[in-house]
Amino acid sequence: MSSRTEPAPATRSRRAPVLQQHAAVFAALGDPTRLRLVAALCAGGALSIAQLTAGTAITRQAVTRHLQVLADVGLVQDARMGRERRWAFEPAPLEAARRSLEQVSRQWDQALERLRARVEA
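Rules used in this analysis
Residues numbered from 1 in each chain as written. Predicted model: local features only at pLDDT ≥ 70, side-chain atom pairs only at ≥ 80, totals over all residues. Heavy atoms only, no water. Helix = DSSP H or I, 4+ residues; strand = E, 2+ residues; numbered from the N terminus. Buried < 20%, exposed > 50% of the residue type's maximum accessible area, 1.4 Å probe, protein only. Contact = heavy atoms within 4.5 Å. Areas by Shrake-Rupley, 256 points an atom, 1.4 Å probe, with all protein chains shown as cover. Pairing = 2+ DSSP bridges. Core = buried A, V, L, I, M, F, W, Y, C linked by side-chain atoms within 4.5 Å. pLDDT = per-residue confidence, 0-100. Patch = residues over 30% accessible without salt bridge, like charges linked within 9 Å, V, L, I, M, F, W, Y side chains within 5 Å. Salt bridge = Lys/Arg side-chain N within 4 Å of Asp/Glu carboxyl O.

As named in an unreviewed UniProt entry, the protein is Helix-turn-helix transcriptional regulator, taken from Rhodanobacter glycinis.

Next comes the structure, spelled out in structure tokens:
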């Protein structure tokens, strides 16, 4: 008889969309350009496309596409300010994904502890 505590099937099915959402956040951050954009927004607050492309070889159109990917998962938001759009980082989706990773880490720690206990028994 197993001492593992598995979530009930209904719990797993409710959690699946949340995990997919977290996976989408990590996938969006998996691109070096998008990661650089997030870092710039974290350091500089709300920035325009012109500010985000300054000093880089990347085009405004490419930055716009990357920002849209980040916006699709909720990591950035834009707001009109006069004739330009300012983009800002939204930390909530990343924080939720981080908590999910911590939960997985705890589960692995528990599984490893059970394995250690069985091996040493």
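So, on to the overall build of the protein. Within the protein, the regular secondary structure consists of five helices and three strands. For the protein, the sequential pattern of α-helices and β-strands runs α-α-β-α-α-β-β-α. Residues classed as buried in the protein amount to 22% of the 121 residues present. Here the contacts in the protein between residues at least 6 apart in sequence split such that 52% fall between residues at least 24 apart. Counting only carbon and sulfur atoms, one obtains 57% of the accessible surface of the protein, whose full area is about 8400 Å².

It is worth spelling out the pairing of strand E3 (residues 84-89) at this point. Bridge analysis of strand E1 (residues 47-48) against E3 gives two bridges, and the strand direction is antiparallel. Each residue of the ladder has a partner; that of Leu47, found in E3, is Trp87. Note: strand E2 (residues 76-81) against E3, six bridges, orientation antiparallel. Counterpart to Arg80 in the pairing with E3 is Arg85.

Moving on: the nonpolar core. Core analysis: the largest hydrophobic core is formed by 18 residues, its most contacted members being Leu41, Leu52, Leu67, Leu70 and Leu75. Mapped onto this core, the elements with two or more residues apiece are helix H1 (9-29), helix H2 (32-44), helix H3 (49-53), helix H4 (60-72) and E3. Residue contacts for Leu75: discarding those within four places in its chain leaves Val25, Leu29, Leu70, Ala88, Phe89, Glu90, Pro93 and Leu94.

We now examine the environment of Ala39. Summarising the element assignment, Ala39 is placed in helix H2. Take Ala39: its relative accessible area is 45%, and that puts it in the partly exposed class. It is 8.9 Å that separates the C-alpha atoms of Ala39 and Phe89, two residues lying 50 residues apart in sequence.

In this section: the confidence of the model for the protein. The pLDDT averaged across the protein works out to 86; a share of 86% of its residues lies at or above 70. Across residues 1-6, confidence stays below pLDDT 50; counting only partners more than four residues off in sequence or on other chains, it has four contacts.

Moving on: a nonpolar patch on the surface. A surface patch of nonpolar side chains, about 540 Å² in accessible area, is lined by Val104, Trp108, Leu112, Leu115 and Val119. Examined against the element boundaries, Val119 turns out to sit in helix H5 (residues 92-120). Of the residues examined, Val119 reaches a relative accessible area of 62% and is grouped as exposed.

A few words now on the pattern of salt bridges. Summed over the entire model, instances satisfying the criterion amount to seven salt bridges. Here Glu84 and Arg86 are joined by a salt bridge, their closest N and O atoms 2.8 Å apart. Salt-bridge contacts for Glu113 lead to Arg116; the nearest nitrogen and oxygen are separated by 2.2 Å. Note that Glu113 and Arg116 are positioned in helix H5 at a spacing of three residues, about one turn of the helix. According to the relative accessible area criterion, Glu113 is partly exposed, its value standing at 39%. Note on Arg116: relative accessible area 39%, which makes it partly exposed.

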